[in-house]
Amino acid sequence: MVGYIVVNKDELKVKDFETYRAYYCGLCRQLKKNYGISGQLSLTYDMTFLAILLTGLYEPETTDTRRKCTAHPLTRHRERINEFTDYAADMNLLLSYYKCEDDWKDEHRIDRAAYAKILERKVSRLSADQQKKAETIEALLKELSDCEHRQVQDIDLLAGLYGQILAEVFSCREDIWACSLRKIGSSLGKFVYLMDAYEDIEQDIKKGTFNPLKEAYQKPGFDENCQEILTMFISSCCREFEKLPIIEHAEILRNILYSGIWSRFDVIRAKRQKENGKEKQE
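Predicted model, so just to flag it, every value in this text is computed and none were measured.

Reading the values: rules and limits
- Residue positions are given per chain, counting from 1 as you read along its sequence in written order.
- Where local features are concerned, this predicted model is filtered to residues with pLDDT of at least 70; where side-chain atom pairs are given and counted, the filter is 80 or more; whole-chain, interface and lining totals use all residues.
- Side-chain metrics rest on all non-hydrogen atoms present in the structure, leaving aside hydrogens and water.
- Every helix listed is a DSSP run of H or I at least four residues long, and every strand listed is a run of E at least two residues long, numbered separately from the N terminus.
- Burial classes: relative accessible area under 20% of the type maximum marks a residue as buried, over 50% as exposed, and values in between as partly exposed (1.4 Å probe, protein chains only).
- Throughout, a contact is declared for two residues whenever any of their heavy atoms are within 4.5 Å.
- Note on areas: Shrake-Rupley, 1.4 Å probe, and residue coverage restricted to the protein chains presented here.
- Only four residue types enter the charge count, namely Lys and Arg as positive and Asp and Glu as negative; His and the chain termini do not.
- Throughout, a charge is located at the NZ atom of Lys, the CZ atom of Arg, the CG atom of Asp or the CD atom of Glu.
- A helix is expected to span 1.5 Å multiplied by its residue count minus one.
- Values of bend correspond, residue by residue, to the angle between axes fitted over the seven residues ending at that residue and the seven starting there.
- In this analysis an axis means a line fitted to C-alpha atoms, helices contributing only their contacting stretch, and an angle means the value between N-to-C directions, from 0 to 180 degrees.
- To sort the angles, those under 35 degrees are grouped as roughly parallel, those over 145 as roughly antiparallel, those from 65 to 115 as roughly perpendicular, and the leftovers as oblique.
- Crossing handedness: left-handed means the near helix sits turned counterclockwise from the far one by under a right angle, and right-handed means the same turn made clockwise.
- The nonpolar class holds Ala, Val, Leu, Ile, Met, Phe, Trp, Tyr, Cys and Pro. Asp, Glu, Lys and Arg form the charged class, and all remaining residues, Gly among them, are polar.
- We define a salt bridge as a contact between a side-chain nitrogen of Lys or Arg and a carboxyl oxygen of Asp or Glu at a distance within 4 Å.

K.L.:
Could you clarify how one ought to interpret the overall build of the protein chain in this entry?
P.N.:
Along the backbone of the protein chain there are eleven helices and two strands. Secondary structure of the protein chain in N-to-C order comes out as α-α-β-β-α-α-α-α-α-α-α-α-α. Expressed as lengths along the three principal axes of its C-alpha atoms, the size of the protein chain is roughly 55 × 45 × 40 Å. Evaluated residue by residue, the protein chain yields a buried proportion of 50% over its 282 residues. Counting only contacts in the protein chain whose residues sit at least 6 apart along the sequence, the fraction spanning at least 24 positions is 69%. Surface accessibility of the protein chain: about 14500 Å² in total, with carbon and sulfur atoms responsible for 50%. The centroid of the 43 positive side-chain charges in the protein chain is displaced by 5 Å from the centroid of its 47 negative side-chain charges.

K.L.:
Could you clarify how one ought to interpret helix α1 (residues 14–40) in this entry?
P.N.:
In an α-helix, one turn spans 3.6 residues; hence positions three or four apart end up facing the same way. Between its terminal C-alpha atoms α1 stretches only 26 Å, short of the 39 Å expected from 27 residues at 1.5 Å a residue. In α1, a bend of some 110° at Asn34 exceeds every other bend along the element.

K.L.:
So what exactly am I meant to see when it comes to the environment of Thr63 here?
P.N.:
Within the secondary structure layout, Thr63 lies in strand β1 (residues 63–67). Along the chain, Thr63 and Arg80 lie 17 residues apart, while their C-alpha atoms are 5.6 Å from each other. Thr63 has contacts with Glu79, Arg80 and Ile81, leaving out every residue within four places of it along the chain.

K.L.:
How should I be thinking about unusual backbone geometry in this particular structure?
P.N.:
The phi dihedral of Glu59 is positive, around 50°, even though this residue is not glycine. With respect to the helices, strands and loops of the structure, Glu59 is situated in the loop between α2 (46–58) and β1. The backbone phi angle of Gln151 is positive, close to 60°, even though this residue is not glycine. Turning to its location among the elements, Gln151 is positioned in the loop between α5 (128–149) and α6 (155–170).

K.L.:
Can you walk me through the packing of α2 against helix α10 (residues 250–258) in this structure?
P.N.:
Axis angle and axis distance: for two packed helices, these are the angle between their axes and the distance between the axes, and together they describe the pair. Axis separation between α2 and α10 bottoms out at 10 Å; the angle between their running directions is 140°. In terms of orientation, α2 and α10 fall into the oblique class. For the element pair α2 and α10, the recorded crossing hand is left-handed. Each of Phe49, Ile52 and Leu53 in α2 lies in contact with α10, whose residues at this interface are Ile252, Leu253, Ile256 and Leu257. A per-class count over the contact of α2 with α10 returns seven nonpolar, no polar and no charged.

K.L.:
What should I look at first to understand the side chain of Ser42 in this one?
P.N.:
Looking at the element boundaries, Ser42 is found in the loop between α1 and α2. Residue class for Ser42 comes out buried when judged on its relative accessible area of 5%. Those residues in contact with Ser42 that sit more than four places away from it in its chain are Leu31, Asn92, Leu93, Ser96 and Tyr115.

K.L.:
Explain helix α7 (residues 178–207) to me, please; I cannot follow it from the model alone.
P.N.:
Taking 1.5 Å of rise per residue, the 30 residues of α7 would be expected to cover 44 Å, and the 40 Å separating its terminal C-alpha atoms lies within 8% of that figure. Approximately 60° is the largest bend angle found in α7, and it occurs at Ile201. Residue Gly208 follows α7 closely and has a positive phi angle near 80°.

K.L.:
Explanation requested: the packing of helix α9 (residues 222–241) against α10 in the structure shown.
P.N.:
Their axes nearest at 10 Å, the elements α9 and α10 cross at an angle of 165°. What the angle tells us is that α9 and α10 run roughly antiparallel. Handedness of the crossing formed by α9 with α10: left-handed. Packed against α9, whose contacting residues are Ile234, Cys237, Cys238 and Phe241, the element α10 presents Ala250, Leu253, Arg254, Leu257 and Tyr258 at the interface. Here the residues of the contact of α9 with α10 are counted per class, giving eight nonpolar, no polar and one charged.

K.L.:
Can you help me understand the pattern of salt bridges in this one?
P.N.:
Side chains that differ in charge, positive against negative, can pair when their charged atoms come close. The tally for this structure, following the rule as stated, stands at 18 salt bridges. Taking the shortest distance from any N to any O, the salt bridge between Lys142 and Asp146 comes out at 3.2 Å. Residue Lys142 and its partner Asp146 are located together in helix α5, separated by four residues, close to a single helical turn. Salt bridges sharing common partners tie together Asp64, Arg78, Arg80 and Glu248.

So this is what it looks like as structure tokens:
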């Protein structure tokens, strides 16, 4: 369930997109520095959003440098690094590890099991505070997995459990902002869980694997109903975000929350409507 919390490049100013990329590259750098190439391979845009959100809220001292790397061997590119790119790297590693474990349990993919084994050693090096988060996240993922194996169809329950996981990830400190960050993480987690189910519905039906939207898929107005629920989740997230005193990078964050996060939905819906149109013609 990754790759949904992304920027809409077409709607973003060039300078803001360069800054967004600088945080993405900074996160990549810290993953490699802290966890090696295998850790670097777990890089996601989702945790780039988290790094930018926490930076905008707490305004830490940030280094902004230009470097060459394996992906950009010929030209120097910007990298923005601070304490929250390190935190985002830890959470990125943790979520990737549990995702690999989940893929192995559900699909018995050998490659994911092998990667999980590599990441497991790196997860064990997390700080004591992060280990506590790991224990909480592991317990929530187990509860979610148990519900899915029991074929629980309650989308609110299932999305809520994944929401609790991202709430734990987003609350990096126990301070006055912790409650708001947990609410943002919770709403985003619900959105991501439902989006993942929405995207995979046809594939899961063909494979006979669990998807909480199978019954809803058979009813008229499936896309519209999913969009309505997704809108409810992300609206709650945006309301909480707007309460935060964020000035730096606010436009980047709004681009993601109000536009970027819908990019995948629009592509999936358009493709589905096109395919359904072909079927009717045939």
